[in-house]
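Next come the chains, spelled out residue by residue.
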Amino acid sequence: MWNIWASLDWPILIKKHIVSYNKSETYNEEITSALADHYSSAITLLGEDVTREGLQKTPQRIAKAMQYLTQGYHMDAKEILNSAKFREAYSEMVIVKDIELYSMCEHHLLPFFGKAHIAYIPNGWITGLSKLARVVDCYARRLQVQERMTHQILDIIQETLDPIGVAVVIEAKHLCMMMRGVSKQNSITTTSAFSGQFQAPETRAEFLKLITSDIH
Ligand SMILES: [Zn+2]
């Protein structure tokens with residue numbers, strides 16, 4: 001009775017997104033150059049020689065990489081969902097699971113990465129499945145905390161599609177925990193948020209069962 005739509009064609013969706021991004025990859029020159037100056041100072045303060053061959057272009061590269069990793073500030077999640085919003089009578093659970101995500105913790109500027117699982121029960125409106133993945137990117141490519149990102153994704157889907165319910169689960173590994181401090185190499189942080197029908201124990205249980213089982 002429930003439909004799993006997306007887990008199988010997900011690699012194709014990922015690929016499409018990356019290709020379309022590379023085509024339009026542009027950087028603001030003024031910001032890139034100012035950031036590069038700051039990174040050059042930071043590298044020097046850390047005790048390195050920024051003029052040695054291997055590091056000469058590093059400040060410039062970090063400046064571009066950081067703009068790429070924070071491009072979510074220039075993306076509008078509502079617009080993404082609305083760009084493929086269709087009227088549809090379908091009213092069973094739609095699940096997109098194993099959406100790869102890469103973000104950076106706002107406390108240490110170190111990456112955290114893992115998977116997001118999203119479900120919603122439409123109430124007359126559906127959106128393109130790839131759009132849900134782009135919404136994850138929109139919030140992941142910022143300085144983040146996992147808990148807030150989980151709620152931001154839930155809220156924008158609820159607000160834009162007005163479904164009967166939304167569920168978001170994120171599982172991630174945090175390099176700030178793995179590389180420094182407590183060095184908990186294998187710990188995974190799981191966060192979840194539920195609205196509407198997913199607050200009912202049986203619907204939530206069905207969703208959790210579906211995202212934890214391997215369906216191929
Ligand atoms: Zn951190």
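Please refer to the structure higher up on the page.
What you see is a predicted model, and the numbers here were worked out from it, not measured in a lab. (Residues numbered from 1 in each chain as written. Predicted model: local features only at pLDDT ≥ 70, side-chain atom pairs only at ≥ 80, totals over all residues. Heavy atoms only, no water.)

As a further point, take the coordination of the zinc ion. Protein coordination at the zinc ion comes from Cys105 (SG), His108 (ND1) and Cys176 (SG), with a distance range of 2.2 to 2.3 Å. Taken in sequence order, the residues that donate to the zinc ion follow the motif C-x2-H-x67-C. Of the two residues, cysteine 105 sits in strand β3 (residues 94-105) while cysteine 176 sits in helix α7 (residues 175-178), which places them 71 residues apart along the sequence. With respect to burial, cysteine 105 and cysteine 176 carry one shared label: buried. (Donors = N, O, S within 2.8 Å, 3.2 Å for Na, K, Ca; no water. Helix = DSSP H or I, 4+ residues; strand = E, 2+ residues; numbered from the N terminus. Buried < 20%, exposed > 50% of the residue type's maximum accessible area, 1.4 Å probe, protein only.)

Attention shifts here to unusual backbone geometry. Unlike most non-glycine residues, aspartate 98 shows phi in positive territory, near 60°. With respect to the secondary-structure elements, aspartate 98 resides in strand β3. You can call aspartate 98 partly exposed: its relative accessible area is 27%. Despite not being glycine, aspartate 162 has its phi angle at roughly 45°, a positive value. Summarising the element assignment, aspartate 162 is placed in the loop between α6 (146-161) and β7 (165-174). For aspartate 162, a relative accessible area of 47% gives the class partly exposed.

Right, let's get into helix α2 (residues 29-45). Taking 1.5 Å per residue, 17 residues should reach 24 Å; α2 reaches 24 Å between its end C-alpha atoms and fits that length. Next to the buried residues of α2 lie α3 (58-69). Where α2 begins, the capping side chain belongs to asparagine 28, and its oxygen is found 2.9 Å from the backbone nitrogen of glutamate 30. (Expected span 1.5 Å × (residues − 1). Contact = heavy atoms within 4.5 Å. Polar contact = N/O pair within 3.5 Å; in protein donor to acceptor, adjacent residues only side chain to side chain.)

Structurally, threonine 70 is set in the loop between α3 and α4 (77-82). Sequence-distant contacts of threonine 70, that is, excluding residues within four places in its chain, are made with Met104, Arg141, Arg142 and Leu143.

Among the nonpolar cores identified, the biggest contains 35 residues, and Leu101, Tyr120, Val135, Met149, Ile153, Ile157 and Ile170 are the most heavily contacted of them. Broken down by secondary-structure element, the contributors of at least two residues to this core are α4, β3, β4 (111-121), α5 (129-140), α6 and β7. The element that contributes the greatest number of residues to this core is α5, accounting for eight residues. Counting residues in each nonpolar core, the second largest holds 11 residues, with Val169, Phe194, Leu210 and Ile211 among its members. (Core = buried A, V, L, I, M, F, W, Y, C linked by side-chain atoms within 4.5 Å.)

Bringing the pattern of salt bridges into the picture now. This structure, assessed with the given rule, holds four salt bridges. The closest approach of N and O atoms between lysine 78 and glutamate 159, which form a salt bridge, is 2.9 Å. You can see lysine 78 sitting in helix α4 and its partner glutamate 159 sitting in helix α6, a full 81 residues away along the chain. The class of lysine 78 is partly exposed, set by a relative accessible area of 32%. Measuring nitrogen to oxygen at the nearest pair gives 2.7 Å for the salt bridge that ties arginine 148 to glutamate 106. Of this pair, arginine 148 sits in helix α6 while glutamate 106 sits in the loop between β3 and β4, and the two are 42 residues apart along the sequence. Taking the relative accessible area as the measure of exposure, arginine 148 reaches 34% and is therefore partly exposed. Judged by relative accessible area, glutamate 106 falls into the partly exposed class, the value being 33%. (Salt bridge = Lys/Arg side-chain N within 4 Å of Asp/Glu carboxyl O.)

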